[in-house]
Amino acid sequence: MKKLTIFLLFCLLVGILCDAAPRRRKTRRRAAPRRSVKHVVKPVKLSVHDANPFKTCEDTCAHVHGIDVSHYQNEVFWNAVRDDTNMSYVYLKCTEGSDNQDPLYLRNLEMIRDRQLKVGSYHYFRPKVCLRQQMHNFRAQCIPGEQDLIPMLDVETTAGLSTRQFCDSLHRMLALMEETYHQKPLVYTYRNFYNEHLQGQLDGYPLMIAMYSDEQPQLADGRDYIIWQYTCKGRLNGVKGDVDKSRLMGEHTLSELYYVR
């Protein structure tokens, strides 16, 4: 009995000592403060084309503007083009090579005729294809009496010919066009292509030069040109998607390109 009493007193003493010992407080670990990251936004220079795709050069200047159109634009709503834009002229793709004819050419031509837009037609030149067949293909579609503007030759490729061979083919094609339509055609090409292959080759021929930039193109030989095609991604009421836009340069007037019957 005495031993039991001593054991109980020992257990009671241990319990008292445990309660008296200081308990560790559980502290919640504070998360490290987040760094505030400043995002530096670089200023982006927006051109008038980026800010509003439908507000472009022709809305903000006094130049004479136009477009060129092919089947790639699908169906064009010419009433909207006439009523809602400042376009003055249209060049339609007519033919390519010896037998290719643009499937929407005749429809576009018919629709434009009654909408007070000056219209001309162009042929995409294939230097290695029979020139007389190309001329026959173009003449069968591009009827002189249906044109307001002189015909245009679209020159974009040498087809692997040397510059000398290419220029020989080009001069013969231009001669055929001049013989057929009794006036010099307008020649369309890119600035870089002109500088590489055509310097000094087109004296006396009116030029349309394509360069898609805010800066006006300069030809290496200093040649003057009548039209600058300044974008291939123009937007226009009446046209779904992108369209090529161009404008007359300097003191040039649209009357210089009128087809004389």
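How each quantity is defined
Residues numbered from 1 in each chain as written. Predicted model: local features only at pLDDT ≥ 70, side-chain atom pairs only at ≥ 80, totals over all residues. Heavy atoms only, no water. Axes fitted to C-alpha atoms, helices over the stretch in contact; angles between N-to-C directions. Helix = DSSP H or I, 4+ residues; strand = E, 2+ residues; numbered from the N terminus. Left-handed = near helix turned anticlockwise from the far one by under 90°. Contact = heavy atoms within 4.5 Å. Nonpolar A, V, L, I, M, F, W, Y, C, P; charged D, E, K, R; others polar. Phe/Tyr/Trp six-rings, centres within 6.5 Å; stacked < 30°, edge-to-face > 60°. Buried < 20%, exposed > 50% of the residue type's maximum accessible area, 1.4 Å probe, protein only. Lys NZ or Arg CZ within 6 Å of the ring centre and 35° of its normal. Core = buried A, V, L, I, M, F, W, Y, C linked by side-chain atoms within 4.5 Å. Arc of directions from axis to C-beta. 1 Å grid on protein atoms, 1.4 Å probe; cavity = no way out; pocket = protein on both sides within 12 Å on 5 of 7 lines; lining within 4 Å. Points joined across faces, edges and corners; volume = space filled by probe spheres on them. Pairing = 2+ DSSP bridges. Parallel < 35°, antiparallel > 145°, perpendicular 65-115°, else oblique. Polar contact = N/O pair within 3.5 Å; in protein donor to acceptor, adjacent residues only side chain to side chain.

Attention now moves to the packing of helix α6 (residues 131-141) against helix α7 (residues 163-181). For any two helices packed against each other, the geometry comes down to the angle between their axes and how far apart the axes lie. Two elements in contact, α6 and α7, have axes whose closest approach is 10 Å; the angle formed by their N-to-C orientations is 40°. Classified by chirality, the crossing of α7 by α6 is right-handed. Residues L131, R132, Q134, M135, F138 and R139 of α6 touch α7, and the partners they reach there are S169, R172, M173, L176, M177, T180 and Y181. Considered class by class, the residues forming the contact of α6 with α7 number 7 nonpolar, 3 polar and 3 charged.

By the definition in use, this model includes 6 aromatic pairs. Note on Y188 and Y190: the rings are 5.9 Å apart at their centroids and 70° apart in plane angle, and the pair reads as edge-to-face. Taking the relative accessible area as the measure of exposure, Y190 reaches 28% and is therefore partly exposed. Connected via pairs of aromatic rings, a cluster forms that spans F138, Y181 and Y259. The aromatic ring of Y258 is capped on one face by K118, whose charged end is 5.4 Å from the ring centroid. Just above the ring of Y205 sits the side chain of K184; from NZ or CZ to the centre is 4.4 Å.

Among the nonpolar cores identified, the biggest contains 47 residues, and W78, L92, L170 and L202 are the most heavily contacted of them. Ignoring sequence-local partners within four residues, the contact set of L170 consists of F125, L153, V155, L198 and L202. Y122, I227, L248 and L257 belong to the second largest nonpolar core, which has 15 residues in total.

Looking at α6, one finds that the buried residues are L131, Q134, M135, N137, F138 and Q141. Buried residues of α6, seen end-on, are gathered within an arc of 160° and therefore sit on one face of the element. Exposed and facing more than 90 degrees away from the buried side of α6 are R132 and H136.

For the rest of this paragraph, the subject is the layout of surface pockets. What the largest pocket holds in volume is close to 310 Å³. As for the largest pocket, its lining consists of 17 residues, of which D68, S70, Y72, Y122 and D244 are closest to the centre. Taken together, the elements giving at least two residues each to the lining of the largest pocket come down to β1 (65-69), β2 (87-96), β4 (118-124), β5 (152-154) and β6 (186-190). When the residues that make up the lining of the largest pocket are grouped by side-chain class, the tally is 8 nonpolar, 3 polar and 6 charged.

What follows concerns the pairing of strand β9 (residues 239-248). Most of β9 sits inside the fold, with 7 of its 10 residues counted as buried. Here β1 runs beside β9; their pairing, made up of 4 bridges, is antiparallel. What sits directly across from H65, in β9, is R247. The sheet contact formed by strand β8 (residues 227-236) and β9 spans 6 bridges and is antiparallel. For G234, the partnering residue across the bridge sits in β9 and is V243.

Relative to each other, α7 and helix α8 (residues 191-198) sit at 105°, their axes nearing to 10 Å. Our classification of the angle between α7 and α8 gives roughly perpendicular. Contacts between α7 and α8 involve T163, F166, C167 and L170 from the former and F193, H197 and L198 from the latter. Of the residues contributing to the contact of α7 with α8, the split by class is 5 nonpolar, 2 polar and no charged.

With that settled, consider the side chain of R115. Within the secondary structure, R115 is located in the loop between α5 (105-113) and β4. In terms of polar contacts, R115 uses its side chain to reach the backbone carbonyl oxygen of M111, at 2.5 Å. Other than its neighbours up to four places away in sequence, R115 contacts W78, N79 and R82.

Glancing now at α8. Buried residues of α8: F193, Y194, H197 and L198, and no others. Each buried residue of α8 lies within a common arc of 100° when the element is viewed along its axis, so the set occupies one face. Of the surrounding elements, those touching the buried residues of α8 are α7, β6 and β7 (207-210). Count one or two residues on from α8 and you reach G200, which has phi positive near 75°.

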